Amino acid sequence: MPDSSTSYTDHDTNNENSRRDFLKQLALMGFFSGISTLLPSCSNAIEANGKSEDVFGVWEEMLQAIQQSPDYLPKRIENLIAGKDPEAMFNFVRDEINLVPPSASSLRGMGTAIRYGINGVLRDGFATPREKAELLNQMFQQAGITSKVVFERTDFKTEEVPSLFFRPVERKAEPAISETQYKNWEKVLNGNLPKQELSFVDENGKESKDLADKLWELLPEKEKIRYQNFDFRWDNYRTPAVSFEWNGETKYAHLFDPTVPFGQLRSSNQLAEAGEATFSGDKVQVKVTFREGIEPRKEHLLVEKDWPVEQLIGKQLQLSFFHGLNLKEQAQTNIGSLRTFTPALTYQSFEHTWEEMEQRSVFGNPITLEGRVIDVSGELPKIGNFSLLSNADPELVKKVQGLEVKAIPAAFPLVKLEVVAKDQNGELVEGLGAGDFQIQDNGRDVQALMEANRRTPRILVLYDTSLSMPKDYFGEKMAQFLENLEKSILDHYPAAQIQSWATDSNLYTWLMKASKTSHDLIIFATDGDNGDELQESYKAIFAAGPPAMVLNVYNSNERHRKVSFENMANLTGGTVLDAKDQEVTLGKILDHIQGMNISPYVFTYYAAGPLEVHEVKVSMDQKRLNESQEFQFSEIGSNESPVGQKIIGLYLTVKIGNQEVKRVLAGWDPVTESKAEPRQDHFEAVRNQMLGSILIGIEGEGPTYSAALSDLFQYRLSKKKWIDAINEKDVEKAISESHNQSFGFDPMLVHLLAPLNDAVTQKSLTFASGPRMVIFKRSMGVGKDSSTSSFDFLPTGKFVTMAEDTEEAFRVNMTKTAQMAVLEKSYYQESTLELLKDAQLISDTEAKDQDWFKARLREGEDAGFWYERIFRGNNTFKIFDRQMQTQAFWQIHQNTGELYGILPDMTGGGKDQVYTKYDDIHHVLQGYAEKLGEDEGAGINYAAYGIILMKLYAIAAHALETMDTTNMEEEVMLALQMRACHVAWFIHGGMVGRPQKIMGGVAQLISMMDRTDNGYPCS
């Protein structure tokens, strides 16, 4: 391994071509495209065994080559320590590790401050003054050299300090590969790879500079900008240095002034004991919440956890919603019936064991798509305050001799299933568990939730909160009535499930929402003053839902009130009750409940197929008992209809120190849509996101290229045991290994969290004063025309630029952070740069001066967006389209110049719509299932695909990655080729962005499998 003084001029043309071909190879395989500069060559090629016979062996050798690159700092350190040369170690730390301040605005605490620790330094090559000293001290000690960190007394003048930071390091990514090794790889990978030149993003920085200059001209009143002023004062009393013993002498390592010789201090021999090195103490808190359609302004916790910031650098957090199905159940379950999910924030690291990662992960309680939390923290799970009866008798099911089933289709897709189990004497058998029942809908297993296993009523109470209500049914007295009602019911039915909703005067709308639930009875206390009209579409919903007991709180006979009362009662099959006398009313309600026919067992599930006739079949005791019933949904609803009790929004909050960043992950936006009724399409967006994936990547300044590529290869290699088991047809082993395939990784991390180009120059340093975070989201397109792949730069990095002139620092920071906007445009179809490329731009300040907002904030469905997101001031300039053709805008920090492109959904990133043909995907699945010996009648469908049915994913991914199609049947190949561009996005978890353009090599690999046509359908 060459040290820092070695020349990297290549004298071997063959090696030069070999390494360039290697980079092209990586690009063609989707590993290494879009890098900002062409990597130069290195004369120190290594000769690996070059005898790999499969793709995993090639990847292993590629990984070894990458980790020999000069910019793979852990290996550099390892080699330097093995060499035991203290001067070489000193030169490396002083000259090849960039110096970065401990905070955004000053050098305060530089003597003790640790940002992300030595692991962070070796990942990105940036270190605080104390981290430099700690790194060298650790290297000395591991090399057997006695050493310690000390404080050196120095005499740096303020005007000298910038030069300590403005020292660019040329960090070369040069995997050293011999010609022999490359040719072997080419042979293993089937050779004849299509010729393709590497593409580069913003290669010379012109695109980002042009963007920054354009936006600079649009900033108002530049003379009033309060530029951040970095305090360059050096702490001369606490300059970290290393004292070490060498050849019987005490020597010193001064790490900042490059003119100070090895072994000496800068200006004096005044030393002091170093204070203890300390991390900032900042924690990264991640919280995931949801809202549901009945009380959309109330936020509910799903899962949360915090980590010390240094634990997350170079790691990923995956937000998952586990469905709990095994592989067989996945293959037989329709995706539309998935209803219950368990949220989890899982910690992911290539450096930790599964056990260690599990300790740093957290699971929440399971939750249904209606927002009903299933508390599993106690001995028995609870839904709300209700617990199922526990069954300690495994033979109880044998007592059942008779079975009755009643299916009650509510609003699609919810089905309520009432089951009665009786013994030989006709007596009820209560207390059976969910596992004692097998439930299928049209021959497919469904994910049915047992909500009761004993006779107990499930009551929903609606109460009108309008000012026209009588005083006995308003405020505190209404609360007392509800308390008395609940007590009366629970006295007779201790396990009764009682829920209450506060309503306004839109009585039909609220009854419609209640009718979409699976309760046994709705009780609606109202004065009958109705604020809405009876919609024809509501009638089918009322008929499909539970009966309503309408409480006439005034005992009114006024015609307009009676019309409302009678409509609500008659259309639901309910009744109207005069309720002025509350004590009498409570008695009549209880009498009514006691007269209800309540089944001991209640299940609810989601059915797939809104228009077809369904047959639900309930089996017990290994199908000894079977009973079925047919039903059909009468109410389907539309995307625009009010949603009722369903989850309508998923939200992410990231808090680091005093900074809090919020994101709408899916669904209803409580800021811009606060005046809008949550709709069915909000719910569907949430469901599709739960079926998809969310990955959060965290870095410091950004990993070196070789460090990032090393992660990518380790991720691919982690699948080897799984693929081997598939190829060996060892199903048991394959299933076991499949359980270890939940590790999420997105190859776009290599590009989107790469270091900024030319972050360090001889005049400036641009650095992230906080951890850089990016969110990758994939949302499945169930019920939609497309699925979505997107990413989001969170503004946690808080980029700042150090320069001697404050205005220059502001402008440089704009230019450097504009690189992120250019990356967005390069990799994604939708980006701020693309949306605003032809727009007439205006700043928010100028718009306010021109009264631009006045007419636009009062009307229109987007008024909330323009008021809340643009008009409301914060510490940023906003530049947007004055014609309002798009809601994308530029956001520039008023003090630092940090620039982000913000999309209409308020994310700082890019987005792709992937237009998917589900019939083709179904054909692929069915073909694999038949050829691999699966039960042809199992009904394999898209659900199995969306959640990665093991055999399909493994063989398809292996074929795409190795170009070996020998295991792929002809008809499956044809289906893949029909929609290669679109299907590939699902089959190969590594393909994101614009595969037909940016990842053209991967696209060509797929097209090479086509035996009849070399054309690529989406080129």
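Conventions adopted
- Residues numbered from 1 in each chain as written.
- Predicted model: local features only at pLDDT ≥ 70, side-chain atom pairs only at ≥ 80, totals over all residues.
- Heavy atoms only, no water.
- Helix = DSSP H or I, 4+ residues; strand = E, 2+ residues; numbered from the N terminus.
- Buried < 20%, exposed > 50% of the residue type's maximum accessible area, 1.4 Å probe, protein only.
- Contact = heavy atoms within 4.5 Å.
- Areas by Shrake-Rupley, 256 points an atom, 1.4 Å probe, with all protein chains shown as cover.
- Pairing = 2+ DSSP bridges.
- Axes fitted to C-alpha atoms, helices over the stretch in contact; angles between N-to-C directions.
- Parallel < 35°, antiparallel > 145°, perpendicular 65-115°, else oblique.
- Left-handed = near helix turned anticlockwise from the far one by under 90°.
- Nonpolar A, V, L, I, M, F, W, Y, C, P; charged D, E, K, R; others polar.
- Salt bridge = Lys/Arg side-chain N within 4 Å of Asp/Glu carboxyl O.
- Polar contact = N/O pair within 3.5 Å; in protein donor to acceptor, adjacent residues only side chain to side chain.
- pLDDT = per-residue confidence, 0-100.

**Let's talk about the overall build of the protein chain**
What the protein chain contains, in helices and strands, is 32 helices and 43 strands. For the protein chain, the residues scored as buried account for 58% of the 1019 residues in total. In the protein chain, of all internal contacts separated by at least 6 residues, the share reaching a separation of at least 24 is 75%. About 42,200 Å² of surface is accessible on the protein chain, with carbon and sulfur atoms providing 44% of the total.

**A closer look at the sheet that holds strand S9 (residues 283-292)**
Read across the sheet, four strands follow the order S10-S9-S31-S32 without closing on themselves; strand pairing throughout is antiparallel. With one partner strand each, in any of the chains shown, strand S10 (300-308) and strand S32 (659-667) form the two edges of the open sheet. Between one strand and the next, the sheet's axes are offset by a mean angle of 15°, whatever the strand orientation. The sheet contact formed by S9 and strand S31 (residues 647-656) spans nine bridges and is antiparallel.

**Things to note about unusual backbone geometry**
Across the junction of Phe-412 and Pro-413, the peptide omega takes the value 10°, indicating a cis bond. Residue placement: Pro-413 occurs in the loop between strand S18 (402-409) and strand S19 (414-422).

**Examining the environment of Pro-162**
Relative to the elements of secondary structure, Pro-162 occurs in helix H7 (residues 162-165). By relative accessible area, Pro-162 is classed as buried at 4%. In sequence terms Pro-162 and Glu-804 are 642 residues apart; their C-alpha atoms lie 7.3 Å from each other. If near-sequence neighbours (up to four positions away) are discounted, Pro-162 is found in contact with Phe-232 and Glu-804.

**With respect to the packing of helix H14 (residues 507-515) against helix H16 (residues 559-572)**
Close contact between H14 and H16 brings their axes to 11 Å; oriented N to C, the two are set at 15°. With respect to their mutual orientation, H14 and H16 come out roughly parallel. Regarding H14 and H16, the two cross each other, and that crossing is right-handed. On H16, the residues touching Leu-507, Tyr-508, Leu-511 and Ser-515 of H14 are Val-563, Ser-564, Asn-567, Met-568 and Thr-572. Grouping the constituent residues of the contact of H14 with H16 by class yields five nonpolar, four polar and no charged.

**Side note on the pattern of salt bridges**
Taken as a whole and judged by the stated rule, the model has 44 salt bridges. Taking the shortest distance from any N to any O, the salt bridge between Arg-167 and Asp-95 comes out at 2.9 Å. Here Asp-95 lies in helix H4 (residues 86-96) and Arg-167 lies in the loop between H7 and helix H8 (179-188), a separation of 72 residues in the sequence. As a salt-bridge pair, Asp-257 and Arg-266 come within 3.0 Å of each other at their nearest N and O atoms. Via salt bridges that share partners, Arg-339, Glu-370, Arg-372, Glu-451 and Arg-458 belong to a single interconnected network.

**Quick notes on the sheet that holds strand S24 (residues 497-503)**
Neighbouring strands of a sheet are bound in pairs by backbone hydrogen bonds; such pairs are parallel or else antiparallel. Spatially, five strands are ordered S24-S23-S25-S26-S27 in an open sheet, and the strand pairing comes out parallel. The open sheet has two edge strands with one neighbour each: S24 and strand S27 (575-578). Neighbour-to-neighbour, the strand axes of this sheet turn through a mean angle of 20°, independent of strand direction. Note: strand S23 (residues 458-464) against S24, seven bridges, orientation parallel. When the bridges of S24 are listed, Val-461 appears paired with Ser-500. Most of the contacts of helix H13 (residues 476-492) go to S23, to which it runs at about 165°, and overall it touches S23, S24, strand S25 (521-526) and strand S26 (548-552).

**Focus on the side chain of Lys-315**
Note on placement: Lys-315 falls in strand S11 (residues 315-322). At 3.1 Å, the side chain of Lys-315 forms a polar contact with the backbone oxygen of Ile-313. Residues in contact with Lys-315, not counting those within four places in the same chain, are Tyr-347, Gln-348, Ser-349, Glu-351, His-352, Ile-696, Gly-697 and Ile-698.

**Observations concerning the environment of Val-602**
Tracing the sequence through the fold places Val-602 in strand S28 (residues 601-606). With 182 residues separating them along the chain, Val-602 and Val-420 place their C-alpha atoms 9.0 Å apart. For Val-602, the contacting residues outside a window of four places in its chain are Lys-416, Leu-417, Leu-449, Met-450, Glu-451, Ala-452 and Arg-458.

**A few points about the packing of H13 against helix H17 (residues 582-594)**
The interhelical angle for the contact between H13 and H17, taken along N-to-C directions, is 35°, at an axis separation of 10 Å. The interaxial crossing formed by H13 with H17 has right-handed handedness. Of H17, the residues touching H13 (which contributes Phe-481, Asn-484, Leu-485, Ser-488, Ile-489 and His-492) are Gln-582, Leu-586, Ile-589, Leu-590, Ile-593 and Gln-594. Residue classes in the contact of H13 with H17 are distributed as seven nonpolar, five polar and no charged.

**Here we look at the confidence of the model for the protein chain**
Atom-level detail of predicted coordinates should not be read off regions where pLDDT is low. A residue-level look at the protein chain finds 79% of positions with pLDDT of 70 or above and a mean pLDDT of 81. Note that pLDDT drops below 50 for residues 192-197; the model gives that stretch 14 contacts with residues more than four away or on any other chain. In this model, residues 916-1019 is a region of pLDDT below 50 whose contacts with residues beyond four sequence positions or in other chains number 225 contacts.

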